[in-house]
Amino acid sequence: MTVITTGPEKPRHIDDRITRLSDDDLIAAFGRPDGVGDVAALRAWLAGRQRRVARPLPEWAESVRGTTAAEAIIGAADALLEDDFDVTGAELGRSQRYGWHYLGWLSGGIKAWLLTGDQDRLRAVERHLVRWAETRDSVIGEWPGLDVIWYSLGTWARCHNLLPALEALTPTELSDRAWRELVATLIGGARWAYDEHDRFRHGNWQLVSATQLIQLAAVLPDLVEAPSWARRGRDRLLEHLELDVYPDGGHYERSPGYHVMCLEAVQLAATVDLLYGDGELARQPRVRAMHDWLVTLTGSGGWIPHLQDSGVIWPADLLRRGAELLAAPDLAAAADDPHGSGRPPVEVLPDSGYVVLRGADDQRIVVNVGPHIEHELESHSHRAVLDLVLDGRSRPLLSEAGGPTSYDVPDYLTWYQAGRGHNTVTVDDLELGVDRGARLIGSWDAGPVVALSAEHCGYGPVQQRDVIMTRQEPTVIMVRDRAEDDEATHRFSCHWHAVEPWQPVDAAFRSGSAGEPGLLLTVLAEPGDQPEQLSEDLARRPDPATRTAEHAPLYGLTLERAHGRFTTVIRTGPDAAALDLAAAQGPDGIVVRTAGVIDTVGPSSWIRRGSDGALHWATAWNGTDLVVPEFAVQQRDPHAATLSTIQAVRSLSLSKRRPEPVEGGQGDVVCPSTSSGNDGVIIDIVSNGRADLRLNGLRAEPELRLNDIPIAAESEDDVIMVGLPMAGRWTITGLAL
């Protein structure tokens, strides 16, 4: 654990022009308008001159009035009606104390007043705003070098919460004293942020601060400093779009929650720019990419998993706003179709370090293959890598700890951030190193199978994980974990976390209830295995019906070994109680029996047969030749490794119709699989270069075709020779067993 000993921001730069603005200071800040000699006159003058914010509160109130969300806001704001309401947050935990002074509670009181028209609520806002201004500087924080009030998130959040309220409160009975405190808070915060952010630094703090400088300068253009604030805010924001947003659209910190926080701020700045500027911000390519990142990570239930320090994200509204802002109807379509119709089977976010594998029935695996990322204060990167989450049929199946309710919870480091809170393999009681060396070896779309392989060295030994999922029912998932041998003695722990309790079933464990989606999981036994350990902790559980994610039990299953070899086989289905699964090591690979099929899984191949032994399909990836007892598809030059995936499908007829295209993996070669029927075989290949193929055990029909073009059937010792002239996707038809 890193111990913070110095402040994450500049040395203290707080003075009276920030914290103690007099009435005359306020008037001077607006350029001493003619006829304005006191706060009342300034308020009247400003009422007719301030511009509207990007998201005006009166319109918001009309849109939510009478809803459950509105009732929740009103109920939460009832506490402000008490005279002794604590405005200091002094008794809160270390992190919550800072967050208290974002004034979200005051914003809630203002919204409750707008929703109800209750003047008692307006008077409560007035009373507590003044009390807060009088007492705020007495609160002491516990983060070294970080003032509770005057720091980046504080100045940003107060502007975010109070600037939209200025339009609504200015013409009301709110006292001039309270109004001046509101305006002084905004100006003081902007001055502090302007001084702080004179050069780029990574992280969400500066990005969001820049966007509020942009909005405040645009809404109150009469402020003498407004042009300087606007320039600095725009400069920093453009720098963040270049240096703090990856080309794949993800925010630097790799957390969906903080990505959304930054994207909402970017949307706000782009909206302000469309209203009062040149509109160029919305046309920045990274702005669109940030929206596409959300689409990639959204599953069939409409949520994004709580990866790293993040809550569960429901991005539909954000995507719809982006569709309007960017004139991009496809974003609105993505919001309305979380099932991801047309999404590719494999999507890689190479810079953010996530891979998405998609299977049948909306089943999806998200794998974390990314680095540890530093932060201004404490990293939001969890101490886990090559961890995965699984969902399907709009249900979470394998989940993880995610982000906590508060960074002050006692098990933040020992559960939420710790490796044991994730579906991964940990070593001893070690904390995963910051320099973890995570690397995606490859990802492949091999037709009926999707797969990835990745490695890391965050615990010392190099650990590799292969994740493979069939895309045809019955769905079978295999996760192979390996660790390099060394002379040290270690204890490796393989962790799996399900949202329903684990129930022993023969050599497997079931999670899920009868009639409900669930899974059956087994880890292939090895000599010396100890009994599995069961545990129960808490994590957010998404509920698509309410679009909420409350904390609920998360059930752990852990197996420990003295070596890092684990082969986990998972069977998913719509009825957990009806699932069957048996897996064992065979002479040619792992043999899996389930739902009337027999799968044989090699290091980089998968063969599926019926219970009668008839071949359904076969596929290979990662440069492996496809060899089954009936036939073989091999590259003539074994060192060329041009064919990175091979898929063979047994056809129902020898039709010359070319099958529908299937996307290949990254730089892959895919040859089709063999599906049951007569003896016809279709081979589909995505090649990353020129290749000469040897087809053994197959015979050519009168019309052998390559991409539906007749070619001569050349053979050598009963082996058919087919040349692929260049990189691309190739389909070979006219073959039979």
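Below or above, wherever it landed, is the structure these notes cover. (Residues numbered from 1 in each chain as written. Predicted model: local features only at pLDDT ≥ 70, side-chain atom pairs only at ≥ 80, totals over all residues. Heavy atoms only, no water.)

Here's the deal with the overall build of the chain
Operational definition: Secondary structure is summarised from DSSP: a helix means a run of H or I of at least four residues, a strand means a run of E of at least two, and numbering begins at the N terminus for each. Note on method: radius of gyration uses C-alpha positions; expected globular size equals 2.2 Å times residues raised to 0.38. Relative accessibility decides the category of a residue: with a 1.4 Å probe and only protein chains considered, values under 20% of the type maximum give buried, values over 50% give exposed, and everything between is partly exposed. Contact between two residues is taken to exist if any of their heavy atoms lie within 4.5 Å; hydrogens are not considered. Accessibility throughout is a Shrake-Rupley quantity obtained with a 1.4 Å probe, and a residue counts as covered only by protein chains that appear here.
Helices and strands together make up the secondary structure of the chain, namely 17 helices and 32 strands. Taken against the 2.2 N^0.38 rule, which gives 27 Å for 737 residues, the C-alpha radius of gyration of the chain at 30 Å falls within 12% of a compact globule. By residue count, 57% of the 737 residues in the chain fall in the buried class. Across the chain, every contact between residues at least 6 apart in sequence was considered, and the portion connecting residues at least 24 apart equals 68%. Accessible area of the chain: about 28,800 Å², with a carbon and sulfur share of 50%.

Regarding the sheet that holds strand E10 (residues 476–483)
This is how it is decided: Think of it this way: DSSP has to see at least two bridges between two strands before they count as a pair. In this analysis, axes come from line fits to C-alpha atoms, helices being fitted only over the stretch in contact, and the angle between any two N-to-C directions falls in the range 0 to 180 degrees.
A sheet is described by the order of its strands in space; here eight strands give the open sequence E7-E8-E9-E10-E17-E14-E13-E12, paired in antiparallel fashion. Every other strand in the sheet has two partners, leaving strand E7 (439–445) and strand E12 (502–505) as the edge strands with one partner each. Between one strand and the next, the sheet's axes are offset by a mean angle of 15°, whatever the strand orientation.

Considering the side chain of Thr470
Convention followed: Definition of a polar contact: a pair of N or O atoms within 3.5 Å, with one able to donate and the other able to accept a hydrogen when the atoms are protein atoms, and with sequence-neighbouring residues admitted only if both atoms are side-chain atoms.
Along the polypeptide, Thr470 turns up in strand E9 (residues 463–470). At 3.0 Å, the side chain of Thr470 and the backbone nitrogen of Val476 are in polar contact. Among residues more than four places away in sequence, those in contact with Thr470 are Gly359, Pro448, Val449, Thr475, Val476, Trp606, Arg608 and Trp617.

Points about the layout of surface pockets
Rolling a probe over the atoms, with the probe sized like a water molecule, indicates the empty space that remains. Formally: Residues are said to line a cavity or pocket when one of their atoms sits within 4 Å of a point; the points come from a 1 Å grid over protein atoms alone, cavities being sets where a 1.4 Å probe fits but cannot get out and pockets being open sets with protein on both sides within 12 Å along at least five of seven lines. Grid points are joined across faces, edges and corners, and a volume is the space filled by probe spheres set on the points. Side-chain classes follow a simple rule in which Ala, Val, Leu, Ile, Met, Phe, Trp, Tyr, Cys and Pro form the nonpolar group, Asp, Glu, Lys and Arg form the charged group, and the remainder, Gly included, forms the polar group.
Considering only enclosed or pocket space, the second largest pocket measures out at about 710 Å³ in volume. What lines the second largest pocket is a set of 36 residues, and nearest its centre among them are Arg383, Leu413, Gln417, Ala418 and Glu431. Mapped onto the lining of the second largest pocket, the elements with two or more residues apiece are helix H17 (412–416), strand E11 (492–498), strand E15 (533–543) and strand E16 (548–561). Split by residue class, the lining of the second largest pocket holds eleven nonpolar, 15 polar and ten charged.

Overview of the packing of aromatic side chains
Aromatic ring pairs are reported here in terms of the distance separating the ring centres and the angle at which the planes meet. As a reminder, the rule being used: Two aromatic rings, drawn from Phe, Tyr or Trp (for Trp, its six-membered ring), form a pair once their centres lie within 6.5 Å of each other, and the interplanar angle then sorts them: stacked below 30 degrees, edge-to-face above 60, tilted otherwise.
For the structure shown, the criterion picks out twelve aromatic pairs. Note on Phe85 and Trp105: the rings are 5.2 Å apart at their centroids and 55° apart in plane angle, and the pair reads as tilted. With Phe85 in the loop between helix H5 (68–77) and helix H6 (94–100) and Trp105 in helix H7 (residues 104–116), this pair connects stretches of sequence that are 20 residues apart. Judged by relative accessible area, which is 12%, Phe85 ranks as buried.

Topic: unusual backbone geometry
In this chain, Glu473 is followed by Pro474 through a cis amide linkage whose omega measures -5°. As for its placement among the helices and strands, Pro474 is situated in the loop between E9 and E10. The backbone of Asp362 shows a phi angle near 60°, a positive value even though the residue is not glycine. Structurally, Asp362 can be placed in the loop between strand E2 (354–358) and strand E3 (364–368). Owing to a relative accessible area of 27%, Asp362 belongs among the partly exposed residues under this scheme.

Things to note about the side chain of Asn204
Its location among the elements puts Asn204 in helix H11 (residues 204–219). What makes Asn204 buried here is its relative accessible area of 0%. Contact partners of Asn204, with chain neighbours within four places excluded, come to Leu153, Asp244, His251, Glu253, Tyr258, Met261, Cys262, His375 and Glu376.

Examining the sheet that holds strand E27 (residues 691–696)
Strands sit in the order E23-E24-E27-E31-E30 across an open sheet of five strands; the sheet is antiparallel. Strands with a single pairing partner mark the edges of an open sheet, and in this sheet they are strand E23 (626–627) and strand E30 (714–716).

Concerning the pattern of salt bridges
In plain terms, the rule: Basic side-chain nitrogens of Lys or Arg form a salt bridge, by our definition, when they fall within 4 Å of a carboxyl oxygen of Asp or Glu.
Taken as a whole and judged by the stated rule, the model has 55 salt bridges. A salt bridge links Arg283 to Glu280; the nearest nitrogen and oxygen atoms lie 2.8 Å apart. For Arg283, a relative accessible area of 53% gives the class exposed. Overall, the relative accessible area of 34% leaves Glu280 in the partly exposed class. Ionic contacts of the salt-bridge type, sharing partners, join the residues Asp23, Glu134, Arg177, Arg180 and Glu181 into one network.

Observations regarding the environment of Gly402
Within the secondary structure layout, Gly402 lies in the loop between strand E5 (395–398) and H17. Put simply, Gly402 and Gln417 are 15 residues apart on the chain and 7.8 Å apart in space, counted from C-alpha to C-alpha.

Remarks on helix H9 (residues 152–169)
Selection rule: Take the number of residues in a helix, subtract one, and multiply by 1.5 Å to get its expected span. Note on bend: the value at a residue is the angle between axes fitted to the seven residues ending there and to the seven starting there.
Over its 18 residues, H9 runs 25 Å from end to end, which matches the ideal 26 Å to within 8%, given 1.5 Å per residue. Of all the bends in H9, the greatest, near 25°, is centred on Leu162, and the proline Pro164 appears no more than four residues after it. For H9, a buried count of 16 out of 18 residues is recorded, marking the element as mostly surrounded by other parts of the structure.

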